[in-house]
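# A look at the structure
What follows is the residue order along each chain.
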Amino acid sequence: MSSDVEKSIETTEKLANDLNYDTNWCDMPPEVKSKCIGKMEFKERLSLRCTAKAERSLVDSEKIEFQKGSFLGESERYGPLCQVSLDSKDGSKLIFKNLKDPFELMKYIWKVGNFENLVIHIPEGTSFEEKVIKYTGKMSAKNVEFNVTLCATEIILAILKNTKNEFESIKFEADHDNDLPIDEILATPQIQNAKYWHIRCYDKKDTLRKVAQVWIDKNSVIGSTFQLYSWLEGPFDEFLEHFAERIVSKSEERVRVRTDNADRHILLEWGWNPILKVHFELDNYFRLLVISADIKESEYDDDCIGWIRKIHPNPDIDYNYFP
């Protein structure tokens, strides 16, 4: 028995002595390098791709996951600041400022990044505005947010059209006076197929009925949701008038209309009750939903504050005050 143990020890020592620890990065096969690159953070990848043409190709072929990517351009109105901010899945943050050619970095990040959240604040007049508009590369993001007051119309449309049709949510932050090109936005497949999208601070009476009409025309799936925060009360009445012949049921706060598909309806809810009227004199919240035609009125979601919080998550408002 002891001789067997001794033999095992000798074999182990021999194997240890035969191991070669002199393997360099350049000796590794591409598939091993790719796995290593997949573990690297963005800054490390940028450094590696500068070492050789082959490494650049490998680095560029590996996607990187970002929790959030924010892209801010400069303009005459908002000053010279141009900033790219990247949040990793592990919580670390990387910020690039005062870039000589910011679009080149943005273009590269859009190419290799998979974004959980994408924030675009690129104003009209930005030095690289035309490059963004002409950019045709595909981007990948689950949730995207546009600050309409800080974002050129053509850039909004370009980003939408160039992002893969896989959005979970799309958010527009307007300013009540801003003329968002709603017809052009509604024409994009990305908006038509979004699970959820909303516009804050937008005062056009025909917005709700235009969204609903697109859903009818495109036979949008059950669960599609659109929310609007406006200072106008008119959108609800405008919707009623436009879809008068399709109305299934209506009340002061809800209206349900037929689509061209017998198995689904569209429900409009006005999140504005007596309590909210007291505390939000100018605020009107609307939610559009594609619902199953089988849903009964008793099954409606009465948690108005719950869905208002999604479009207006204002920490200064005590939502729990409302019944």
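All of the points below concern the structure found in this document. (Residues numbered from 1 in each chain as written. Predicted model: local features only at pLDDT ≥ 70, side-chain atom pairs only at ≥ 80, totals over all residues. Heavy atoms only, no water.)

## Here's the deal with the pairing of strand β4 (residues 113–121)
Note the threshold: Residue burial is assigned from relative accessible area. The probe radius is 1.4 Å, only protein chains are included, and a residue is buried under 20% of its type maximum, exposed over 50%, and partly exposed in between. The helix count covers DSSP runs of H or I at least four residues long, the strand count covers runs of E at least two residues long, and both are numbered beginning at the N terminus. We call two strands paired when DSSP finds no fewer than two bridges between them. If you view a crossover with the strands going away from you and the path from the first strand over the helix to the second runs clockwise, you call it right-handed.
For β4, the buried fraction is high: seven of the nine residues fall into the buried class. As judged from the eight bridges shared by strand β1 (residues 64–72) and β4, these two strands associate in the parallel manner. The partner of leucine 72 across the bridge, within β4, is histidine 121. Alignment of β4 against strand β5 (residues 140–147), held across six bridges, turns out to be parallel. Opposite asparagine 117, over in β5, you have asparagine 143 as the bridge partner. After leaving β4, the chain enters helix α6 (residues 129–134) and then returns to the sheet as β5, a path that is right-handed.

## Comments concerning helix α13 (residues 304–311)
Applied cut-off: Our arc is simply the arc of the directions from the helix axis toward the C-beta atoms.
Those residues of α13 that sit buried are Cys304, Ile305, Trp307, Ile308 and Ile311. Taken around the axis of α13, the buried residues stretch over an arc of 165°, which confines them to a single face.

## Re unusual backbone geometry
The phi angle at cysteine 201 is positive, at roughly 60°, despite the residue not being glycine. If you trace the backbone, cysteine 201 turns up in strand β7 (residues 196–202). Judged by its relative accessible area of 10%, cysteine 201 falls in the buried class. Unusually for a residue other than glycine, asparagine 219 sits at a positive phi of about 50°.

## Section: the sheet that holds β7
Put simply, the rule reads: Axis angles are defined between N-to-C directions and span 0 to 180 degrees, where every axis is a line fitted to C-alpha atoms and, for a helix, only to the segment in contact.
Here 12 strands make up an open sheet; going across it, the order is β3-β2-β1-β4-β5-β6-β7-β8-β12-β11-β10-β9 and the pairing mixed. This sheet does not close on itself; its edge strands, each paired only once, are β3 (93–97) and β9 (247–250). The sheet shows a mean angle of 10° between the axes of neighbouring strands, direction not considered. Across three bridges, β9 lies against strand β10 (residues 254–258) in antiparallel orientation. Paired with lysine 250 across the bridge in β10 is valine 255.

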